Amino acid sequence: MDGRWWDCVNKHLVVEGSSILHFPLYLFFFFQVGTPPSGNQAFQKKAVDVFFPPEAQNDFPVAMQMSPKHGVAYLITKYGYVHLYDMESGVCIYMNRISAETIFVTAPHEATSGIIGVNRKGQVLSVSVDEENIINYINGNLQNPDMALRFAVRNNLGGADELFVRKFNTSFGNGQYSEAAKIAANAPKGILRTPQTIAKFQQVPTQPGQTSPLLQYFGILLDQGQLNKFESLELCRPVLQQGRKQLLEKWLKVPFRMAFMHP
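This text gives an overview of the structure that appears in the document.

What counts, and at which threshold
- Residues numbered from 1 in each chain as written.
- Predicted model: local features only at pLDDT ≥ 70, side-chain atom pairs only at ≥ 80, totals over all residues.
- Heavy atoms only, no water.
- Helix = DSSP H or I, 4+ residues; strand = E, 2+ residues; numbered from the N terminus.
- Buried < 20%, exposed > 50% of the residue type's maximum accessible area, 1.4 Å probe, protein only.
- Contact = heavy atoms within 4.5 Å.
- Areas by Shrake-Rupley, 256 points an atom, 1.4 Å probe, with all protein chains shown as cover.
- Pairing = 2+ DSSP bridges.
- Axes fitted to C-alpha atoms, helices over the stretch in contact; angles between N-to-C directions.
- Phe/Tyr/Trp six-rings, centres within 6.5 Å; stacked < 30°, edge-to-face > 60°.
- Parallel < 35°, antiparallel > 145°, perpendicular 65-115°, else oblique.
- Nonpolar A, V, L, I, M, F, W, Y, C, P; charged D, E, K, R; others polar.
- Salt bridge = Lys/Arg side-chain N within 4 Å of Asp/Glu carboxyl O.

1. Some details on the overall build of the protein chain
- Secondary structure summary: the protein chain contains eight helices and ten strands in total.
- Sorting the 263 residues of the protein chain into buried and exposed places 39% on the buried side.
- Contacts spanning at least 24 positions in sequence make up 43% of the contacts within the protein chain whose residues lie at least 6 apart.
- When the accessible surface of the protein chain is totalled, it reaches about 14,900 Å², and 52% of it is carbon and sulfur.

2. Points about the environment of Glu110
- Structurally, Glu110 can be placed in the loop between β8 (103–109) and β9 (114–119).
- Residues Glu110 and Ser67, spaced 43 residues apart in sequence, show a C-alpha to C-alpha distance of 9.0 Å.

3. Quick word on unusual backbone geometry
- Phi at Gln143 takes a positive value of approximately 55 degrees, unusual for a residue other than glycine.
- With respect to the helices and strands, the residue Gln143 is situated in the loop between α1 (134–140) and α2 (145–155).
- Not every positive phi belongs to a glycine, and Lys189 is a case in point at roughly 60 degrees.
- Along the chain, Lys189 falls in the loop between α4 (177–186) and α5 (195–202).

4. Regarding the sheet that holds strand β5 (residues 72–77)
- Reading across the sheet, the four strands line up as β4-β5-β6-β7 and stay open at both edges, with antiparallel pairing between neighbours. A single partner strand is all that each edge strand has here, and the edge strands are β4 (61–67) and β7 (92–97). Strand-to-strand twist in this sheet, taken as the mean axis angle between neighbours without regard to direction, amounts to 15 degrees.
- When strand β6 (residues 81–86) meets β7, the two strands line up antiparallel, connected through five bridges. If you follow Tyr85 over to β7, its bridge partner there is Cys92.
- Across the sheet, α2 touches β5, β6 and β7, and the angle it forms with β6 is around 85 degrees.

5. Thoughts on the pairing of strand β10 (residues 124–127)
- Residues Leu125 and Val127 line the buried face of β10, whereas the alternating positions Val124 and Ser126 sit on a face that is not buried.
- Bridging between β9 and β10 involves four bridges; their strand directions are antiparallel. Pairing of Ile116 across the sheet is with Ser126, part of β10.
- Here β9 folds back onto β10 in antiparallel fashion, the turn holding four residues, of which Gly122 has a positive phi close to 85 degrees.

6. Regarding the packing of aromatic side chains
- Applying the stated criterion to the full structure yields seven aromatic pairs.
- With a centroid separation of 5.8 Å and an interplanar angle of 40 degrees, the aromatic rings of Phe168 and Phe172 are classed as tilted. Here the residue Phe168 and the residue Phe172 both occupy positions in helix α3 (residues 161–173), the gap between them amounting to four residues, near one helical turn.
- When the centroid spacing of 5.7 Å and the interplanar angle of 35 degrees are considered together, the rings of Tyr217 and Phe218 count as tilted.

7. Remarks on the packing of α5 against helix α6 (residues 213–224)
- Two elements in contact, α5 and α6, have axes separated by 8 Å at closest approach and are oriented at 140 degrees. Viewed along their axes, α5 and α6 adopt a mutual orientation that is oblique. Contacts from Thr197, Ile198, Phe201 and Gln202 of α5 reach α6 at Pro213, Leu214, Tyr217 and Phe218.
- Per-class residue counts for the contact of α5 with α6 are six nonpolar, two polar and no charged.

8. Considering the pairing of β9
- In this structure, β8 lies alongside β9, joined through six bridges in antiparallel fashion. Looking at the pairing, Ile103 lines up with Asn119 of β9.

9. Comments concerning the pattern of salt bridges
- Under the criterion given, the structure shown has seven salt bridges.
- The salt bridge involving Glu101 is made with Arg120; its shortest N-O contact spans 3.5 Å. Of this pair, Glu101 sits in the loop between β7 and β8 while Arg120 sits in the loop between β9 and β10, placing them 19 residues apart in sequence.
- Note that Glu162 is salt-bridged to Arg166, the shortest N-O span being 3.0 Å. With Glu162 and Arg166 both in helix α3, this residue pair falls four residues apart, about one helical turn.
- Through salt bridges with shared partners, a single ionic network connects Asp86, Glu88, Arg150 and Arg154.

Structure, rendered in structure tokens:
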């Protein structure tokens, strides 16, 4: 989806009475407004129950703020609880009570891409995502490795290196070279953009009439930005060997796509 996908998502809190439950049921809706950009998959509508602990069954939401940077929704309740929702999946990442008093005003906190609020005692409270630990928390505490991978890719965060390496090796070992190329290219912090990864793709024979997995990998990297010096050098070899000099000339005309070492 587009990097600014959260601008297209409308957020609503809906209160529904229930004849079975003896307390209100609050649903958090995530859905897309408008038509997605060409080539992008439409956002699937999600309805998520807002959970309240046993000691706060009469609690209800009073404020909500979004973090466009992290794709996280911050929900504040009357009893001083904060809920953090992943806007892509609708999963509640974290919930805790941060104030014994009602937080009556909130606003986005630009310095941390989180939320800031003031309670009835005048205390100023701030909550934000800990980028150093959020991926390990999602993977370990929530036992949700798929969301950890998606969150890491979306926000270019470390903490899921082992998951990415394992997923890459599994796809590669199963002969799913296109999928392996996408994983290697999209892994945060460039953890798989190594000479070892290129060497693995170089060892895969090219099927007649098909683009080699190595060139597929380089193509994804070029679409995302600039190649480093080693990648640029290794890209030139197969292109020139295949006599596709015009393709190399085309890439050279695009600024900041390839890096070169000068003698």
